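# Examination of the molecular architecture
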Amino acid sequence: MAGITLEQFTEKINESFLHVPKIAGEPHVIRTMPNIGLRVGVGCTVFTLGLHADSKDRDYVQSLFSPNGICLEVGESQINAYGALTGSGVGFMFPILEAFSDGGVKIGLGREISLKMAAQTMKCAAELFLKEGTHPAVLKDSVCSPGGTTIAGIAELERATVRSGIINAIEATHKRSEELGKL
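What counts as what
- Residues numbered from 1 in each chain as written.
- Predicted model: local features only at pLDDT ≥ 70, side-chain atom pairs only at ≥ 80, totals over all residues.
- Heavy atoms only, no water.
- Patch = residues over 30% accessible without salt bridge, like charges linked within 9 Å, V, L, I, M, F, W, Y side chains within 5 Å.
- Areas by Shrake-Rupley, 256 points an atom, 1.4 Å probe, with all protein chains shown as cover.
- Salt bridge = Lys/Arg side-chain N within 4 Å of Asp/Glu carboxyl O.
- Helix = DSSP H or I, 4+ residues; strand = E, 2+ residues; numbered from the N terminus.
- Pairing = 2+ DSSP bridges.
- Axes fitted to C-alpha atoms, helices over the stretch in contact; angles between N-to-C directions.
- Core = buried A, V, L, I, M, F, W, Y, C linked by side-chain atoms within 4.5 Å.
- Buried < 20%, exposed > 50% of the residue type's maximum accessible area, 1.4 Å probe, protein only.
- Contact = heavy atoms within 4.5 Å.
- Parallel < 35°, antiparallel > 145°, perpendicular 65-115°, else oblique.
- Left-handed = near helix turned anticlockwise from the far one by under 90°.
- Nonpolar A, V, L, I, M, F, W, Y, C, P; charged D, E, K, R; others polar.

## Observations regarding a nonpolar patch on the surface
- Taken together, I70, L72, F129 and L130 make up a surface patch of nonpolar side chains, about 370 Å² in accessible area.
- Those elements that provide at least two residues to the nonpolar patch are strand 3 (69–73) and helix 4 (111–132).
- Relative to the assigned elements, I70 resides in strand 3.

Below, the structure is given as structure tokens:
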């Protein structure tokens with residue numbers, strides 16, 4: 001339901017229940033944008049409250065999603081951007097994970113162990129940031145010794161414009177979400 005606004009969603013609900021008597025008043029509509037990480041307890045969910053939703057609805061959504069990761073209330077104008085970053089963004093991690101593993105295989109490691117170690121390495125980077133709150137650039141610099149192996153690899157990533165490719169992917173995903181909302 002990428003790109004669908006609260007107003008559009010509320011209209012659909014009202015149309016669907018046109019012949020049902022309104023016993024409890026107007027519908028309390030909440031737009032959520034969870035990601036696939038909920039399956040394993042590390043999801044990212046953003047939500048925005050509709051016109052008739054209240055603090056009880058907010059508390060309910062937070063109690064539903066927070067035990068399985070991060071749950072954040074955002075303005076509706078930003079929900080598609082968060083969806084691009086966290087909803088589609090998780091999909092972008094899989095080719096990166098696969099590329100890490102392919103690199104391991106290329107230098108002589110077995111596929112299964114290479115994939116597992118690559119995944120753990122990605123998890124390591126994420127956990128260091130989440131638990132320490134240190135900026136990624138500082139964490140990167142803490143691993144890069146002058147003239148060392150990590151800075152040589154970082155230079156290769158920059159030469160291949162990996163950073164720009166990821167930024168452009170997030171931007172393209174957001175643009176497509178906005179387009180879908182206009183269909």
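## Some thoughts on the sheet that holds strand 1 (residues 30–34)
- Spatially, 1-2-3 is the arrangement adopted by the 3 strands of the open sheet, whose pairing is mixed. Each edge of the open sheet is held by one strand with a lone partner, namely strand 1 and strand 3. Strand-to-strand twist in this sheet, taken as the mean axis angle between neighbours without regard to direction, amounts to 15 degrees.
- As judged from the 5 bridges shared by strand 2 (residues 43–49) and strand 3, these two strands associate in the parallel manner. From the neighbouring strand, C44 faces strand 3, where its bridge partner is I70.

## What to know about the nonpolar core
- Formed by F47, L49, A53, V61, F65 and C71, the largest nonpolar core amounts to 6 residues.
- Residue assignment for this core shows that the elements contributing at least two residues are strand 2 and helix 2 (55–65).
- Filtering out sequence-adjacent residues up to four positions away, F65 remains in contact with T32, P34, L38, T45 and C71.

## Some words on the packing of helix 3 (residues 76–106) against helix 7 (residues 162–180)
- As a packed pair, helix 3 and helix 7 sit with axes 9 Å apart at the nearest point and diverge in direction by 135 degrees. Classified by the angle their axes make, helix 3 and helix 7 are oblique. Considering only the axes of helix 3 and helix 7, their crossing is right-handed. On the side of helix 3, the interface is formed by N80, A81, A84, L85, S88, G89, F92 and I96, while helix 7 contributes I166, A169, I170, T173, H174, S177 and E178.
- By residue class, the composition of the contact of helix 3 with helix 7 is 8 nonpolar, 6 polar and 1 charged.

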